Amino acid sequence: DQQVKQNSPSLSVQEGRISILNCDYTNSMFDYFLWYKKYPAEGPTFLISISSIKDKNEDGRFTVFLNKSAKHLSLHIVPSQPGDSAVYFCAASRGGGADGLTFGKGTHLIIQP
Amino acid sequence: DAGITQSPRHKVTETGTPVTLRCHQTENHRYMYWYRQDPGHGLRLIHYSYGVKDTDKGEVSDGYSVSRSKTEDFLLTLESATSSQTSVYFCAISEYVGAGEAFFGQGTRLTVV
């Protein structure tokens with residue numbers, strides 16, 4: 001049973017517009033959420049995170065929103081740039097748990113010129 | 001970039017042979033993880049370590065074993081490789097548990113023929 005779900009395998013957005021990537025989770029024990037970006041033939045790289053005590057975290061063009069009641073988070077990229085084309089993974093962890101991150105299946109973001 | 005080195009980067013092996021993948025870190029992080037990435041599955045945790053000689057199973061541990069005799073090295077062994085273990089394997093390290101991001105290596109592409 002998937003605990004972290006990314007229901008859109010791919011998303012195409014025009015350069016300069018907003019990209020919105022969505023993620024849902026089912027495990028109420030998760031209290032820390034992260035987004036990773038992955039280019040082909042490379043390891044995932046950390047992008048941005050949010051603690052469950054917050055509902056928004058912003059870093060430059062990237063903003064993550066968390067809706068705990070809906071068990072939903074989203075990543076907004078504004079404005080979208082060609083270098084943003086990559087696979088984005090949503091991940092979650094339990095506070096105090098050493099058992100790593102639980103990942104979604106990823107969303108392939110394609111930025112169209 | 002976090003100092004994580006995976007070796008080998010690519011390997012082709014025959015069914016039934018043992019295979020060992022190595023993860024080496026220079027960050028002195030306590031927590032280390034092995035994930036596999038497969039199409040349609042995202043990243044799934046195989047095994048993790050929370051200290052020297054302290055390891056535990058992840059979501060997809062069958063057919064794999066690990067060892068951590070030094071802080072800097074985390075080995076993943078396929079005792080008898082099968083075609084279902086053809087995958088891309090990623091090592092990750094983390095300084096904190098539950099509230100810190102994990103840093104990933106470049107990955108090892110393993111093909112079992």
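Remember, predicted model here, so these are calculated numbers, not experimental data.

Cut-offs used in this document
Residues numbered from 1 in each chain as written. Chains lettered and ligands numbered in written order. Predicted model: local features only at pLDDT ≥ 70, side-chain atom pairs only at ≥ 80, totals over all residues. Heavy atoms only, no water. Helix = DSSP H or I, 4+ residues; strand = E, 2+ residues; numbered from the N terminus. Rg over C-alpha atoms; globule rule 2.2 N^0.38 Å. Buried < 20%, exposed > 50% of the residue type's maximum accessible area, 1.4 Å probe, protein only. Contact = heavy atoms within 4.5 Å. Disulfide = S-S within 2.5 Å. Buried area = accessible area lost by both parts, 1.4 Å probe. Salt bridge = Lys/Arg side-chain N within 4 Å of Asp/Glu carboxyl O. Polar contact = N/O pair within 3.5 Å; in protein donor to acceptor, adjacent residues only side chain to side chain.

## Structural notes on the overall build of chain A
Phase 1: What chain A contains, in helices and strands, is 0 helices and 11 strands.
Phase 2: Ordered by position from N to C terminus, the α and β elements of chain A give β-β-β-β-β-β-β-β-β-β-β.
Phase 3: Computed over C-alpha atoms, the radius of gyration of chain A comes to 13 Å, within 12% of the 13 Å expected from 2.2 N^0.38 for 113 residues, which places it in the range of a compact globule.
Phase 4: Along the first, second and third principal axes, the C-alpha set of chain A runs to 40 × 30 × 20 Å.
Phase 5: When each of the 113 residues of chain A is scored for burial, the buried share is 45%.
Phase 6: Sequence-distant contacts in chain A: of pairs separated by 6 or more residues, those separated by 24 or more amount to 55%.

## Quick word on the state of the cysteines
All names here are of chain A.
Phase 1: Within the structure shown, the criterion is met by 2 disulfides over all chains.
Phase 2: A disulfide bridge connects C23 with C90, and the sulfur atoms are separated by 2.0 Å. Here the disulfide of C23 and C90 is left-handed, its torsion about the S-S bond being about -75°. Of this pair, C23 sits in strand β3 (residues 19-25) while C90 sits in strand β9 (residues 86-94), and the two are 67 residues apart along the sequence. You'll find C23 and C90 in the same group, each marked buried.

## Focus on the interface of chain A and chain B
Phase 1: Listed as interface residues are 23 residues of chain A and, on the opposing side, 22 residues of chain B.
Phase 2: Here chain A and chain B share an interface that buries about 1,600 Å² over both sides, 62% of which is from carbon and sulfur atoms.
Phase 3: Its largest share of buried area at the contact with chain B, chain A owes to P44(A), A98(A) and F103(A), together 28% of the area lost on that side.
Phase 4: The tally of links between chain A and chain B comes to 0 salt bridges.
Phase 5: Applying the counting rule to chain A against chain B returns 3 residue pairs in polar contact (both at pLDDT 80 or more).
Phase 6: Residue assignment for the side of chain A that touches chain B shows that the elements contributing at least two residues are β4 (30-38) and β9 of chain A.

The quantities given are spatial measurements derived from coordinates; they are silent on function.
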